[in-house]
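# Architecture and fold: a report
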Amino acid sequence: MQNSVSPPGNRLTNLTRLFSPRSIAVVGASASTDKAGYQAVLSLQEFSGEVFPVNPKATEILGYKTYPSLKAIGKPVDLVIFAVPAAACVEAVREASQTGCGGGLIMSGGYAESGPEGAVIQAQIKDICQASGFRLLGPNTAGFVNKHASLVASFAGGTEHIRKGHVAVIAQSSGINFMLSFFLSGAGHGISCAIGVGNAADTDVADVLEFLAEDPGTRAIALHLEGIPNGRRVYEALRRVTPRKPVVVLAVGREDVGDFAQSHTGNLIGSYDLKINALVQAGAVPVATIEELASAAILLSLHRLPAKRNPGIGILTGQGGAGLIMLDLLKIAGIDVPMLRDATVAKIGTLLPPMTYMKNPVDTARPGPTFPDVLTALASDDQVDAVIAFAIHEPATLHPEEVIPRVKAAVGKPMVFGTAGPQEGIRPTINALREKGVFTAESPEKLAQAAIVLAKDAIGQWKVAQPAETATSAAGVKVGVNPDEHASKQLLEAMGIATPKRAVCSTREEALAAFKSISKPLVAKILSSEIAHKTEAGGVHLHIADEAALNRALDALDKIPLKGARRYLIEAMAPSGLEMIVGAVRDASFGPTIMVGLGGTIAEAIKDTTMRVAPISKSDAHEMLSELRASALLDGWRGSPKLDREALADAIVRLAAVLDSQPAIKEIEVNPLRVYPQGVLALDALVVSA
């Protein structure tokens, strides 16, 4: 059936036409074997759809009839491969958009990466795409492969030999794109698609994620990221995709710095940490190496747990030492290895010798005839969501290629098997399990890592399902340009965050009057938007109990140089408590973000912080608090009272949400936010606004 012309708004439809085409044109096709236009046509030899070389000077190339222009083909083409110089691409893309083509691919360079002239050309092409709905991959990319469409739209050598599978690869680096594809193919699993975004003039990582969410041949996505200039788009795309399909991410570029890392709040945490936290918050599973990326994507293409806040892993081992290694790694990663129900332990006790450990991990003291029944009992426990089983290769006593698939099918839970032994011995078992859709590992460490990936993916799905909080209480509050501390605290009060009793004073007489009306001791502060951090400027004086002390404090405040008017803030001193810092800022890439950490004057030295993309859910806020090294201080450290986590989490949620209701606000920092057994109190506040 012939494709119809898609309107500009139907960009996702045209993206599908680009990556899953039924017809392809090559603009700049050539009969010369040394030309890119020849290689482009040659790469399409296995494609089962229609191929239209476009060359006004030829009649036939590699057996295909040629056409003088796209218009001469007489119907819209799904994918156009542009094999012409950068200077000629603007008009070529324009013609493609005007003739109703779906999308295009520019593999060549000479665009934004080459300098100002190339950047102008790229911008012109982007404008055409945005106005028409025509989709473009690249420029400056090695192209893509869609194995389920028998399509190699790339000049990269050897790509035609990549196996067909169900893992999709997205990479900003074309080299990594195909390196990972070859790795997946060599592991015996293959790929559905491998897509390098290149300069991403039109189609970026977020767009490709949306396409793959709809792609029936893709079960899991392996994503390689360097910088993320459009972090918010990637974050939001991931939140839509990860509930449907698992995404594993290798994020590199620890020095990728946005505005967040250059603000005062941002100095407390690196932009790489923001990137990783955002990816996890969006439901993706981060890994550290190419090998881990491939392995985790393969695993999740075969097995996936449903969304759950705290999934439980069951461990079955034929060797106690291996079981201890796996248990240790899971505990370090914070993954639940639950004690089995008494009934489960009793059942296993009828199957194993009495000296073995049976509560989880279950140690069979080497596999025997009861191994399948022990595995079934362990997997059937209602606290166990997935099982990892390890046994050294002993073909005389155990046939895992028969046992594991049978038990997995009977119990209906993900099951991963690990073994070790001579390659010639274990390879047939591994291959047989792979053919039956069971993930395998060749060490206790890799088996534990598989369990961690399964659990983190389930937790990620659960996180994405939690509703974020929105702030409406402060929506009507007017915020001026860079308000002073008093105005900043008024904003906090409108948000429901308590502040100390205070008075704004323009003269000493007013300060003395305020002294008489506020309970002692007092704090005297300089009040000026010119000074962001008053302590360092000598603008904060504590423990003022009498008028003489107040006058000494005012004398000191008067010595601070200011360009504008001088005012004083006279404020009640707050009772002692745990000092935290909470900051919200608009990052250039990820937009509104929220940070919490140990506060006070030592905040920057300690840097015990964590962060999320805003807005957040209450569960996000509690999780942030649990991630801090100072978390134990909230729970009654060494006889001190237990502090109000709920009130602190509520303040974090409110500060995260207010950036949405106040577009003019660039940054809010509350330091310290003092935490008590009941409630919190904002002792200082800084708002940066336009």
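Just above, that's the structure.
## Digging into the overall build of the protein
Assigned secondary structure in the protein consists of 22 helices and 29 strands. Taking the principal axes of its C-alpha atoms as reference, the protein extends roughly 100 × 80 × 35 Å. Look at the contacts in the protein between residues 6 or more apart in sequence, and 71% of them connect residues 24 or more apart. A total accessible area of about 27700 Å² is found for the protein, and carbon and sulfur atoms account for 53% of it. Between the averaged position of the 65 positive side-chain charges in the protein and that of its 69 negative side-chain charges there is a distance of 3 Å.

## Remarks on the packing of helix α4 (residues 86-98) against helix α5 (residues 116-132)
One can describe the packing of α4 onto α5 by two numbers: an axis separation of 9 Å at closest approach and a directional angle of 5°. Our classification of the angle between α4 and α5 gives roughly parallel. Contacts between α4 and α5 pair Ala-86, Ala-87, Cys-89, Val-90, Val-93, Arg-94 and Ser-97 from the former with Ile-121, Gln-124, Ile-125, Ile-128, Cys-129 and Ser-132 from the latter. Its residues assigned to classes, the contact of α4 with α5 shows nine nonpolar, three polar and one charged.

## Structural notes on the state of the cysteines
Within the structure shown, the criterion is met by zero disulfides. Of the cysteine sulfurs around Cys-89, a residue in no disulfide, the closest is that of Cys-129, at 10 Å.

## Topic: the packing of aromatic side chains
Per the counting criterion, the structure on display carries four aromatic pairs. Among the aromatic residues, ring-to-ring pairing joins Phe-19, Phe-144 and Phe-211 into one connected group. If you follow Lys-520 out to its NZ or CZ, it ends over the ring of Phe-515, 4.5 Å from the centre.

## What about the nonpolar core?
Ranked by internal contacts, the top residues of the largest apolar core, which has 59 residues, are Phe-19, Ile-81, Phe-144, Leu-151, Ile-170, Leu-209 and Val-247. Among the elements that make up this core, the one with the highest residue count is helix α7 (residues 205-214) (seven residues). Beyond its immediate chain neighbours, meaning those up to four positions away, Leu-209 contacts Ile-170, Ile-221, Val-234, Ala-237, Leu-238, Val-241 and Val-247. Within the second largest apolar cluster, 50 residues are counted, among which are Leu-327, Phe-439, Ala-451 and Ala-455.

## Considerations on the environment of Tyr-568
One can find Tyr-568 in strand β23 (residues 567-572). Here the alpha-carbon distance between Tyr-568 and Leu-527, two residues 41 residues apart in the chain, equals 5.1 Å. A distance of 2.6 Å separates the side chain of Tyr-568 from the side chain of Asp-558, its partner in a polar contact.

## Here we look at the sheet that holds β23
Strand order in the open sheet formed by four strands is β20-β23-β21-β22, with antiparallel pairing between adjacent strands. In this open sheet, the two strands that pair with only one neighbour each are β20 (502-505) and β22 (540-544). Averaged over all adjacent pairs, the angle separating strand axes in this sheet is 20°, with direction ignored.

## Some thoughts on the environment of Leu-300
Structurally, Leu-300 is set in helix α10 (residues 290-302). Each C-alpha atom, one on Leu-300 and one on Asp-202, is 29 Å from the other, the two residues being 98 residues apart in sequence. Not counting residues up to four positions away in its chain, the partners in contact with Leu-300 are Arg-219, Ala-220, Pro-246, Val-248, Val-453, Leu-454 and Asp-457.

## Brief notes about the pattern of salt bridges
Taken as a whole and judged by the stated rule, the model has 33 salt bridges. The shortest N-O distance in the salt bridge between Arg-567 and Asp-484 comes to 2.3 Å. Here Arg-567, found in strand β23, pairs with Asp-484, found in the loop between α16 (444-465) and α17 (485-494); they are 83 residues apart in sequence, far enough to count as distant. Taking relative accessible area as the criterion, Arg-567 reaches 28% and is therefore assigned partly exposed. Residue class for Asp-484 comes out buried when judged on its relative accessible area of 12%. One network of salt bridges, with partners in common, ties together Arg-11, Arg-135, Asp-202, Asp-204, Asp-207 and Arg-233.

## A word on the sheet that holds strand β15 (residues 313-317)
Strand-to-strand pairing in sheets goes through backbone hydrogen bonds, with the strands running parallel or antiparallel. Strand order in the open sheet formed by five strands is β16-β15-β17-β18-β19, and the pairing between neighbours is parallel. Each edge of the open sheet carries a strand with a single partner, namely β16 (362-363) and β19 (440-441). With two bridges joining them, strand β18 (residues 415-418) and β19 adopt parallel strand pairing. Along β19, the bridge assignment pairs Phe-417 with Thr-440. Seen against the sheet, helix α11 (residues 320-332) touches β15, β16 and β17 (386-390) and runs at an angle of roughly 160° to β15. Sitting on the sheet, α16 is in contact with β15, β17, β18 and β19, with an inclination near 175° to β17.

## Here's the deal with helix α19 (residues 547-558)
Counted at 1.5 Å a residue, the expected span for α19 with its 12 residues is 16 Å, and the 16 Å between its end C-alpha atoms agrees. Every buried residue of α19 is listed here: Ala-549, Leu-550, Ala-553, Leu-554 and Leu-557. Looking straight down α19, one finds its buried side chains confined to an arc of 135°; they lie on one side. Where α19 is buried, its residues touch α18 (508-517), β21 (522-527), β22 and β23. Where α19 starts, the residue carrying a side-chain oxygen 3.3 Å from the main-chain nitrogen of Ala-548 turns out to be Asp-546.

## Side note on the side chain of Ser-488
When you line up the elements, Ser-488 lands in helix α17. Take Ser-488: its relative accessible area is 1%, and that puts it in the buried class. Polar contacts involving the side chain of Ser-488 include one to the main-chain amide nitrogen of Val-687, which spans 3.5 Å. When neighbours within four sequence positions are excluded, Ser-488 is seen to be in contact with Pro-483, Ala-685, Leu-686 and Val-687.

## Notes on the pairing of strand β11 (residues 193-196)
Here β11 shows two buried faces, one formed by Cys-193 and Ile-195 and the other by Ala-194 and Gly-196. Looking at chain direction, strand β8 (residues 144-146) and β11 are connected through three bridges and run antiparallel. The residue bridging Val-145 from the neighbouring strand is Ala-194, located in β11. Relative to β11, strand β10 (residues 167-171) is paired through three bridges, and the arrangement is parallel. The partner of Ile-170 across the bridge, within β11, is Ile-195. Running through helix α6 (residues 174-186), the crossover from β10 to the neighbouring parallel element β11 is right-handed.

Definitions and cut-offs
- Residues numbered from 1 in each chain as written.
- Predicted model: local features only at pLDDT ≥ 70, side-chain atom pairs only at ≥ 80, totals over all residues.
- Heavy atoms only, no water.
- Helix = DSSP H or I, 4+ residues; strand = E, 2+ residues; numbered from the N terminus.
- Contact = heavy atoms within 4.5 Å.
- Areas by Shrake-Rupley, 256 points an atom, 1.4 Å probe, with all protein chains shown as cover.
- Lys, Arg positive; Asp, Glu negative; His and termini not counted.
- Charge placed at Lys NZ, Arg CZ, Asp CG, Glu CD.
- Axes fitted to C-alpha atoms, helices over the stretch in contact; angles between N-to-C directions.
- Parallel < 35°, antiparallel > 145°, perpendicular 65-115°, else oblique.
- Nonpolar A, V, L, I, M, F, W, Y, C, P; charged D, E, K, R; others polar.
- Disulfide = S-S within 2.5 Å.
- Phe/Tyr/Trp six-rings, centres within 6.5 Å; stacked < 30°, edge-to-face > 60°.
- Lys NZ or Arg CZ within 6 Å of the ring centre and 35° of its normal.
- Core = buried A, V, L, I, M, F, W, Y, C linked by side-chain atoms within 4.5 Å.
- Buried < 20%, exposed > 50% of the residue type's maximum accessible area, 1.4 Å probe, protein only.
- Polar contact = N/O pair within 3.5 Å; in protein donor to acceptor, adjacent residues only side chain to side chain.
- Pairing = 2+ DSSP bridges.
- Salt bridge = Lys/Arg side-chain N within 4 Å of Asp/Glu carboxyl O.
- Expected span 1.5 Å × (residues − 1).
- Arc of directions from axis to C-beta.
- Right-handed = clockwise from strand over helix to strand, strands pointing away.

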